[in-house]
Amino acid sequence: MPKNTKLRERARALTKNHKIALAGVATLGAATLAFSAVPSGGQTTTIDAASASPVAYSSERVKDVKASVTDQLAVASVKVEAIEAKKKAAAEAAAKKKAAAAEAAAKKKAAAAMKAAAERKAELARQAKEAASRSVQRVQVQQVAAKATYANNLDGWIRQSLDIMKSKGIPGSYNGLHRNIMRESSGNPNAINNWDINAVNGVPSKGLLQVIPPTFKAYHVPGTSWNIYDPVANITAAANYAADKYGSIDNVFGAY
């Protein structure tokens, strides 16, 4: 029993290289065996295998193992690099997709803001237009109301004419107009003079302030009627003529 134990311990002590070397020796020993062949003639031929070229297996196998491990490591390294490259490409694609989504969202938000601003601007313009329209309507209503305040008689005609004269910068007073009207036509808007020199010349004086047609046409005030018999138009044109010739209708006390 003790003897067998020592053999097992020695066997364990053998290194990998030793085992490979022993395998080579065993192989070489087997190769050197003499093979005997008995030919048909009954003679024995001895072949000495030791004369053949020796074959060493141990060092070649070690080299093959090393080369195989190196190749496997290289393949594994390539695989790892390929996996890392795929991960990197996937990460870059995800980042690009995220950036594109963010850019699209920003553009959409900007477009919505621009649309809202345009709608707000349009709404403000509409409100301004409506306000202006209401303002014009109020002015028109006020003008109609103002016209409605003038009575359709001599007093109303004089007052309306005075307002127009004031807006045009034509001087004159109520008393000056009334006094000259009563002298010229006694307040009759259809009065016509068919006997004075103007009538003889074919241009008779007409209306409240007895204005001849050429004078009425020359001193007609915009905004009034072109009808010489219209009371307001007649008064305003005559006052405009008197202001040009005498400074004011108030300065007229006779034929003019």
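Residues numbered from 1 in each chain as written. Predicted model: local features only at pLDDT ≥ 70, side-chain atom pairs only at ≥ 80, totals over all residues. Heavy atoms only, no water.

**Section: the packing of aromatic side chains**
If you walk through the whole model with that rule in mind, you get 2 aromatic pairs. Between the aromatic rings of Y241 and Y256, the centroid separation amounts to 6.0 Å while the plane-to-plane angle is 40°, which identifies the pairing as tilted. Of this pair, Y241 sits in helix α8 (residues 231-246) while Y256 sits in the segment after α8, and the two are 15 residues apart along the sequence. Taken together, Y219, Y241 and Y256 form an aromatic cluster joined through their ring pairs. (Phe/Tyr/Trp six-rings, centres within 6.5 Å; stacked < 30°, edge-to-face > 60°. Helix = DSSP H or I, 4+ residues; strand = E, 2+ residues; numbered from the N terminus.)

**What to know about the confidence of the model for the protein chain**
Averaged over every residue, the pLDDT of the protein chain is 79; residues scoring 70 or more account for 70%. Confidence scores differ between elements of the protein chain, with strand β1 (residues 34-37) showing the lowest mean pLDDT of 37 and α8 the highest of 98. Here residues 1-7 is a poorly scored stretch, pLDDT under 50, and it has 0 contacts once near neighbours within four places are set aside; other chains count. This stretch, residues 13-52, has a pLDDT under 50; its non-local contacts, to residues over four places away or in other chains, come to 26 contacts. (pLDDT = per-residue confidence, 0-100. Contact = heavy atoms within 4.5 Å.)

**With respect to the nonpolar core**
Among the nonpolar cores identified, the biggest contains 25 residues, and I158, L177, I181, L209 and I235 are the most heavily contacted of them. Only α4 (154-168), α5 (174-184) and α8 provide two or more residues apiece to this core. Here the element with the most residues in this core is α8; it accounts for 8 residues. Residue contacts for L209: discarding those within four places in its chain leaves L177, N180, I181, E184, N234, I235, A238 and Y256. (Core = buried A, V, L, I, M, F, W, Y, C linked by side-chain atoms within 4.5 Å. Buried < 20%, exposed > 50% of the residue type's maximum accessible area, 1.4 Å probe, protein only.)

**Observations concerning α8**
For α8, with 16 residues, the first-to-last C-alpha span of 22 Å sits near the 22 Å given by 1.5 Å per residue. The buried fraction of α8 amounts to 12 of the 16 residues, a majority that puts the element mostly inside the structure. Of all the positions in α8, only P231, V232, A233, N234, I235, T236, A237, A238, A239, Y241, A242 and A243 are classed as buried. Against the buried residues of α8 lie α4, α5 and α7 (213-218). The opening residue of α8, the one whose side-chain oxygen lies 3.3 Å from the backbone nitrogen of V232, is D230. With its phi angle positive at about 95°, G247 sits one or two positions after the end of α8. (Expected span 1.5 Å × (residues − 1). Polar contact = N/O pair within 3.5 Å; in protein donor to acceptor, adjacent residues only side chain to side chain.)

**Points about the pattern of salt bridges**
By the definition in use, this model includes 6 salt bridges. Put simply, E123 and R126 hold a salt bridge, and the shortest N to O gap is 2.3 Å. Within this pair, E123 and its partner R126 are both found in helix α3 (residues 58-148), separated by 3 residues, close to a single helical turn. A relative accessible area of 38% means that R126 is categorised as partly exposed. (Salt bridge = Lys/Arg side-chain N within 4 Å of Asp/Glu carboxyl O.)

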